[in-house]
Amino acid sequence: MDEQNIRKMVEQMVEQMINGGGNQIKTTNQTPAGQATAAATPVSSEYLPDITKIDLKSWFLVDHPKNKEEYLHMKSKTPARLGVGRAGARYKTMTMLRVRADHAAAQDAVFSDVSEDFIKKNNFVFVKTLCKDKDEYLTRPDLGRRFGKEEQEIIKKTCGQNPKVLIIVGDGLSSSAVEANVEDMIPAIKQGLSMYQINVPPSIFIKYARVGAMDDIGQATDADVICMLVGERPGLVTAESMSAYICYKPKHGIPESKRTVISNIHRGGTTPVEAGAHAAELIKRMLDKKASGIDLNKV
């Protein structure tokens, strides 16, 4: 079977899964001479449907299940790859293709950058850490926690001295997570803080950011509370998961236990609007108790 016919077969498989069809896949017919003929239904050769859009919780490939309804009920409670079926002792082709597609999406999230248009659209003030490029960012986490002198001046000018609250954004290990969640979460945080008459300066966007970059900003500005939104390391469930790290008086050398974290912020986990409202409540509590992380649970 040549490449064109393999492509058509995969297109049929993906189309059937997206449309909720059965597991039987139509293959191209073979002439006696072994020549493949075109499928009955013409399919565009320009692109393949995106199989990552199929909801894993409803994706079911087990042939002849004894209790499909109960199996689907179990799947609805977890994003784990249950009910993927098998072909002999192997995964089915669709399962293999989905894993490879999700792995590719995770790699793209790590190696791509947040677009300049997105940064401008949201009026973020751009700075970057000491990392020169993505390779250095991935291999030198320490450089992703510090800024050069010019960047520190931009931070001080933007944030002022001793601001009550700062909301900053870092690309982290997933640019996809930032672009998918930040636009909904920041307004939710600001709306929540406005109920306590708390205003925030313009938000800073940090390229090549590690979580510890908030400590350098805290050292430079003496902010009371910093809330940092940062892309999480992507996995095969989603490449769009973001976390919010919130800390009272972050400084160089502060232990990780002093940070409060809201994790798994994405459409299939904690939604960005819900996370934003929760973050605003946490920030107000930190200001009142003058503590964060495990210390916040003691007071």
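Residues numbered from 1 in each chain as written. Predicted model: local features only at pLDDT ≥ 70, side-chain atom pairs only at ≥ 80, totals over all residues. Heavy atoms only, no water.

A. Here's a closer look at the overall build of the protein chain. Of the regular secondary structure elements, the protein chain holds nine helices and six strands. Counting over 299 residues, the protein chain shows a buried share of 42%. Contacts in the protein chain between residues far apart in sequence, at least 24 positions, make up 67% of those at least 6 positions apart. Total accessible area computed for the protein chain in this model is approximately 16400 Å², and 50% of it derives from carbon and sulfur atoms. (Helix = DSSP H or I, 4+ residues; strand = E, 2+ residues; numbered from the N terminus. Buried < 20%, exposed > 50% of the residue type's maximum accessible area, 1.4 Å probe, protein only. Contact = heavy atoms within 4.5 Å. Areas by Shrake-Rupley, 256 points an atom, 1.4 Å probe, with all protein chains shown as cover.)

B. Focus on the layout of surface pockets. Within this model, the largest pocket holds a volume of roughly 760 Å³. In this structure, the largest pocket is lined by 28 residues; those nearest its centre are R98, V237, T238, A239 and R267. Ranked by the residues each element gives to the lining of the largest pocket, the list is headed by helix α3 (residues 93-111), at five residues. Grouping the amino acids of the lining of the largest pocket by side-chain chemistry returns eight nonpolar, nine polar and eleven charged. There is about 380 Å³ of room inside the second largest pocket. In terms of lining, the second largest pocket is formed by 21 residues, of which the most central are R145, R210, V211, G212 and Y245. Contributions of two or more residues to the lining of the second largest pocket are made by β4 (225-231) and β5 (242-248). (1 Å grid on protein atoms, 1.4 Å probe; cavity = no way out; pocket = protein on both sides within 12 Å on 5 of 7 lines; lining within 4 Å. Points joined across faces, edges and corners; volume = space filled by probe spheres on them. Nonpolar A, V, L, I, M, F, W, Y, C, P; charged D, E, K, R; others polar.)

C. Structural context of the side chain of S241. Take S241: it is sitting in the loop between β4 and β5. Within the local environment of S241, its side chain forms a polar contact with the side chain of E232, the two groups lying 2.7 Å apart. In contact with S241, other than residues within four places in its own chain, are A177, G231, E232, N264, I265 and H266. (Polar contact = N/O pair within 3.5 Å; in protein donor to acceptor, adjacent residues only side chain to side chain.)

D. Structural detail: helix α6 (residues 149-159). By the burial criterion, the buried members of α6 are E151, I155, T158 and C159. Take α6 and look down its axis: the buried residues cluster within an arc of 80°, on one side only. Across α6 from its buried face, at more than 90 degrees, point the exposed residues K149, E150 and K157. On its buried side, α6 packs onto β1 (125-128), β2 (165-170), β3 (204-207) and α8 (213-221). (Arc of directions from axis to C-beta.)

E. Just the nonpolar core, in detail. In this structure, V182, M185, I189, L229, I246 and I283 are the most contacted members of the largest nonpolar core, which totals 33 residues. Of all the secondary-structure elements, those providing two or more residues to this core are α4 (116-121), β2, α7 (175-194), β4, β5, β6 (259-265) and α9 (272-289). Beyond its immediate sequence surroundings of up to four residues, I189 is in contact with I167, C227, L229, G276, A279, A280 and I283. In this structure, F147, I155, I168 and I226 belong to the second largest nonpolar core, which totals 19 residues. (Core = buried A, V, L, I, M, F, W, Y, C linked by side-chain atoms within 4.5 Å.)

F. Quick peek at the environment of F147. As for its position among the elements, F147 is in the loop between α5 (134-139) and α6. Looking at F147, the relative accessible area reads 6%, which means it is buried. It is 8.6 Å that separates the C-alpha atoms of F147 and I217, two residues lying 70 residues apart in sequence.

G. A look at the packing of aromatic side chains. By the definition in use, this model includes four aromatic pairs. Between F60 and Y71, the ring centres sit 5.2 Å apart and the planes meet at 80°, which makes this aromatic pair edge-to-face. Remark: Y71 occurs in helix α2 (residues 68-75) and F60 occurs in the loop between α1 (3-18) and α2; sequence separation between them is eleven residues. Look at F60 and you get buried, because its relative accessible area is 11%. Of the residues examined, Y71 reaches a relative accessible area of 26% and is grouped as partly exposed. Stacked on the ring of Y137, the Lys or Arg R210 has its end atom at 4.4 Å from the ring centre. Over the ring of Y196 we find K284, and its NZ or CZ is 5.4 Å from the ring centre. (Phe/Tyr/Trp six-rings, centres within 6.5 Å; stacked < 30°, edge-to-face > 60°. Lys NZ or Arg CZ within 6 Å of the ring centre and 35° of its normal.)

H. Quick peek at the sheet that holds β4. As summarised here, the arrangement of the six strands in space is β1-β3-β2-β4-β5-β6, forming an open sheet in which the pairing is mixed. If you trace the sheet from one side to the other, it starts and ends with β1 and β6, each paired once. In this sheet, neighbouring strand axes are inclined to one another by 20° on average, regardless of whether the strands run parallel or antiparallel. Strand direction decides the pairing type here: β1 and β3, joined by four bridges, are parallel. If you follow F126 over to β3, its bridge partner there is F205. Its contacts with the sheet place α6 against β1, β2 and β3, and it is angled at close to 150° to β1. Against the sheet, α9 contacts β2, β4, β5 and β6, and its axis sits at roughly 175° relative to β6. (Pairing = 2+ DSSP bridges. Axes fitted to C-alpha atoms, helices over the stretch in contact; angles between N-to-C directions.)

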